[in-house]
Amino acid sequence: MKISGRDVGDGHPVFVVAEIGQNHQGSLEVAKRMIVKAKELGADCVKFQKSCLAAKFTRNALRKPYSGDNSWGSTYGEHKAFLEFSLEDYKELQRFCAEQDILFSASAMDPVSLQQLLELRVPFIKIGSGDADNVPMLRTAAAATSVPLIVSTGMQSWSQVQNIYPIIKAHPSAALLHCISAYPTPPEQSLLNLVPLYKDHFPELVIGYSGHELGLQLSVASVLAGARIVERHFTLDKSWKGTDHRASLDPEEFGRLVRYVRAVEGMNVEGERIVEVLSSVLEARDFNGEELALALRSVTGEDRKLLVSEVACHKKLGKSLVFAGDFAKGHKLREEDVAVKVSDPHGLSPTWYDQVVGRTVARDCRQDEPICGEDIAGCFG
């Protein structure tokens, strides 16, 4: 695949992404400091997260009380609004990145944000793990063939990863990232050998790794296992307020990660040889043979399922099918009548989208209510 004119894939340098996400604490100035530092440390790209809150969350989800040390508001909606940059802010950050000669992009967290990012002409579109089962949004993103597409696969079953493949494989520049959506990810649940498994099963796609583990060695091991894109959350200070900082890399760590990745990206090793190579490449503080062995255990597709460590993230940010308007009993659902949002409570998985469209509703329903099996007339599920 090509990203902003550079080749990404086997035989080419690993594409290293510094995931700023919302570690900027809602401050443009902090975001700019992070961009400058990421460029200094050798990242190829900085990536943010773009959301339209009304398109990503139901009203109930936004109204949910949200307290605690990491909260920026009394409700989850207030918290997210505090951290969300405007479209004009994104344009300013995009210009700033161009001045710093580093690529700027963002994860599209909902259909509205996807269209906004396409209009910004970002160098690639990222679909995060929370939308890897969002069938209509995946199709829209895959149809935008002039923009490279990268999809993470955290919280997904092997069958859903296989469902993603036919949607994006015809895209001329597409990548699939192995990812575990646990912050931090335990080494024994890192499943690094899904990287070569993905490469075997999805040969048309570039395969990469989006890591949330503590430390550096598993991300470096993913490169030896075949990852051609490596994405890690980046922070200026792990003690800052926010849930992502703990599983992020600070500047000293990120700099070492880039150095290690460049040292091993041309090597072709597998199995136990990965441990041997890393024992010689990594500094002692970054190497733990026992944890590395756990992360490199043999896996099959059946191991890619919603893991125990991912349940908390799925409960908080997993998406559901919801009604996009108010409908009377007997209404036949059209595509525009079914939305995909973070819902409280949860409804049907977005993987049921095609089975729900075209069916009639069994009761009067209201906008933003989750769609459950009993809401659909006739036998369902």
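Just so we're clear, the structure is a prediction, and the values are computed from it rather than from any experiment.

Our next topic: the overall build of the chain. Tallying secondary structure elements over the chain gives 15 helices and 12 strands in all. A compact globule built from 381 residues would reach a C-alpha radius of gyration of about 21 Å, and the chain, at 20 Å, matches this within 12%. Its C-alpha atoms put the chain at 65 × 45 × 40 Å along the principal axes. In the chain, the share of contacts with a sequence separation of at least 24, taken over all contacts with a separation of at least 6, comes to 70%.

Bringing the side chain of asparagine 134 into the picture now. In this fold, asparagine 134 is placed in the loop between β6 (125-127) and α7 (135-143). Judged by relative accessible area, which is 1%, asparagine 134 ranks as buried. Looking at asparagine 134, its side chain comes within polar contact range of the side chain of aspartate 131, at 2.9 Å. What asparagine 134 contacts, discounting residues up to four positions off in sequence, is Val340 and Pro350.

This part takes up the packing of helix α8 (residues 158-168) against helix α9 (residues 194-201). Running from N to C, α8 and α9 point in directions that differ by 40 degrees, and their axes come no closer than 12 Å. By the criterion of interaxial angle, the relationship of α8 to α9 is oblique. Considering only the axes of α8 and α9, their crossing is right-handed. Contact residues: Trp158, Val161 and Tyr165 in α8; Leu197, Tyr198 and His201 in α9.

Attention now moves to the packing of aromatic side chains. Any aromatic ring pair is given by two values, namely how distant the centres are and how the planes are angled relative to each other. For the coordinates displayed, the defined rule picks out 15 aromatic pairs. Between phenylalanine 48 and phenylalanine 85 the ring centres are 6.5 Å apart and the planes differ by 55 degrees, which places this aromatic pair in the tilted class. Residue phenylalanine 48 is found in strand β4 (residues 45-50), and its partner phenylalanine 85 is found in the loop between α4 (76-83) and α5 (87-100); the two are separated by 37 residues along the sequence. For phenylalanine 48, a relative accessible area of 0% gives the class buried. Look at phenylalanine 85 and you get buried, because its relative accessible area is 5%. Aromatic pair phenylalanine 57 and tyrosine 76: ring centres 5.5 Å apart, planes at 75 degrees, arrangement edge-to-face. Taken as a pair, phenylalanine 57 in the loop between α2 (53-56) and α3 (59-63) and tyrosine 76 in helix α4 lie far apart in primary sequence, 19 residues in all. By way of ring pairs, the aromatic residues Phe48, Phe85, Tyr90 and Phe104 are connected into one cluster. The side chain of lysine 241 reaches across the aromatic face of tryptophan 72, ending 4.1 Å from its centre.

The next thing to look at is the side chain of serine 113. Topologically, serine 113 is positioned in helix α6 (residues 111-120). The exposure class of serine 113 is buried, given its relative accessible area of 0%. Here serine 51 takes part through its backbone nitrogen, which lies 3.5 Å from a polar atom of the side chain of serine 113.

As a further point, take the domain arrangement of the chain. How big an interface is tends to be stated in terms of accessible area lost as the parts join. Segmentation of the chain into domains returns domain 1 (2-303) and domain 2 (318-375). Here the C-alpha centroids of domain 1 and domain 2 sit 30 Å apart. In this assembly, 19 residues from domain 1 lie in contact with 14 residues from domain 2. Taken together, both faces of the contact between domain 1 and domain 2 bury some 1,400 Å²; the carbon and sulfur share is 49%. Of all residues in domain 1, Thr58, Arg59 and Asp133 bury the most surface against domain 2, accounting for 32% of the area lost on that side.

So, about the state of the cysteines. In the structure shown here, the tally under the stated rule is 0 disulfides. For cysteine 313, which is in no disulfide, the shortest distance to another cysteine sulfur is to cysteine 179 and amounts to 8.5 Å. On the accessibility criterion, cysteine 313 (14% relative accessible area) is buried.

This part takes up the pattern of salt bridges. Applying the stated rule across the entire model yields 31 salt bridges. Across the salt bridge formed by lysine 2 and aspartate 7, the nearest N and O atoms sit 2.7 Å from each other. By relative accessible area, which is 42% here, lysine 2 ends up partly exposed. Overall, the relative accessible area of 34% leaves aspartate 7 in the partly exposed class. For the salt bridge of aspartate 44 with arginine 262, the shortest nitrogen-to-oxygen distance reads 3.1 Å. Taken together, the residues aspartate 44 in the loop between α1 (28-41) and β4 and arginine 262 in helix α11 (residues 251-264) connect sequence positions 218 residues apart.

Before going further, it helps to examine helix α10 (residues 217-224). Of all 8 residues in α10, 8 are buried, a share of seventy percent or more. Listing the buried residues of α10 in full gives Gln217, Leu218, Ser219, Val220, Ala221, Ser222, Val223 and Leu224. Lining the buried residues of α10 we find α9, β9 (206-211), β10 (229-233), α11, α12 (272-281) and α13 (289-295). Positive phi shows up at glycine 226, right after α10, with a value of about 125 degrees.

Thresholds, definitions, all that
Residues numbered from 1 in each chain as written. Predicted model: local features only at pLDDT ≥ 70, side-chain atom pairs only at ≥ 80, totals over all residues. Heavy atoms only, no water. Helix = DSSP H or I, 4+ residues; strand = E, 2+ residues; numbered from the N terminus. Rg over C-alpha atoms; globule rule 2.2 N^0.38 Å. Contact = heavy atoms within 4.5 Å. Buried < 20%, exposed > 50% of the residue type's maximum accessible area, 1.4 Å probe, protein only. Polar contact = N/O pair within 3.5 Å; in protein donor to acceptor, adjacent residues only side chain to side chain. Axes fitted to C-alpha atoms, helices over the stretch in contact; angles between N-to-C directions. Parallel < 35°, antiparallel > 145°, perpendicular 65-115°, else oblique. Left-handed = near helix turned anticlockwise from the far one by under 90°. Phe/Tyr/Trp six-rings, centres within 6.5 Å; stacked < 30°, edge-to-face > 60°. Lys NZ or Arg CZ within 6 Å of the ring centre and 35° of its normal. Domains from an automatic or database assignment. Buried area = accessible area lost by both parts, 1.4 Å probe. Disulfide = S-S within 2.5 Å. Salt bridge = Lys/Arg side-chain N within 4 Å of Asp/Glu carboxyl O.

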